[in-house]
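Spelled out, the chains give:
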Amino acid sequence: HDPLLLEGGFIGFAPATDDPESVEYMDKYIDLCAHANIPNVFLDVNLVDNPEGTAPHMKGSLLDLSKFNARIVLQAVHKIDNMLSRKGYPDNPWREVPAKTAPAGELYVNFINVLDWLQLQPGCDPSGERADRLGEIFTELYSDKIFQRRV
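In what follows, the accompanying structure is described.

How each quantity is defined
Residues numbered from 1 in each chain as written. Predicted model: local features only at pLDDT ≥ 70, side-chain atom pairs only at ≥ 80, totals over all residues. Heavy atoms only, no water. Salt bridge = Lys/Arg side-chain N within 4 Å of Asp/Glu carboxyl O. Helix = DSSP H or I, 4+ residues; strand = E, 2+ residues; numbered from the N terminus. Buried < 20%, exposed > 50% of the residue type's maximum accessible area, 1.4 Å probe, protein only. Expected span 1.5 Å × (residues − 1). Arc of directions from axis to C-beta. Core = buried A, V, L, I, M, F, W, Y, C linked by side-chain atoms within 4.5 Å.

## What about the pattern of salt bridges?
Then step 1. In this structure the tally under the stated criterion is six salt bridges.
Then step 2. When the shortest N-O distance is used, the salt bridge between Arg150 and Asp91 registers 3.4 Å. You can see Arg150 sitting in helix α6 (residues 145-150) and its partner Asp91 sitting in the loop between α2 (70-86) and α3 (93-96), a full 59 residues away along the chain.
Then step 3. Overall, Asp91 belongs to the partly exposed group, its relative accessible area being 35%.
Then step 4. Connected through salt bridges with shared partners, the residues Asp81, Asp91, Arg149 and Arg150 form a single ionic network.

So this is what it looks like as structure tokens:
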């Protein structure tokens, strides 16, 4: 048993955009997970209409959906998957680990304010351009084999 292992612990951070500073922040968080043996990750995606002026470390989490594509999330998922696999965590944590075992190797993608971004009203079903765009993104995410296995 590794004394540095944060058994069942999670760390949350944003996926990187194409901005080099954003990539640097995300890579530092992934390195921290590896070094500190943090076995699980929350990848936080916060959809907004205009992320301009956002701090560099938040740029990945504040994503203008009109410019957003699944590649941003998939690049992060692939990097995190690689790190978790190198650390020896289960490659398919949802199917290999008994339910009463502390989580390890799990990756969650959180779309933080998706309901607000969709501008849903009580009792309404999502529809329109925003719902269609989000559906396209989810379709692309779920078509990725690593995403299917790890997330």
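Here the narrative resumes.
## Details of helix α1 (residues 20-36)
Then step 1. For α1, with 17 residues, the first-to-last C-alpha span of 24 Å sits near the 24 Å given by 1.5 Å per residue.
Then step 2. Listed as buried for α1 are Ser22, Met26, Ile30, Cys33 and Ala34. The buried residues of α1 occupy an angular sector of 115° when projected down its axis, which confines them to one face. Facing away from the buried surface of α1 by more than 90 degrees, the exposed residues are Pro20, Lys28, Asp31 and His35.

## Here we look at the nonpolar core
Then step 1. Among the nonpolar cores identified, the biggest contains 33 residues, and Phe13, Leu43, Val73, Ile80, Val109 and Leu141 are the most heavily contacted of them.
Then step 2. Element by element, the count of residues in this core is highest for α2, at eight residues.

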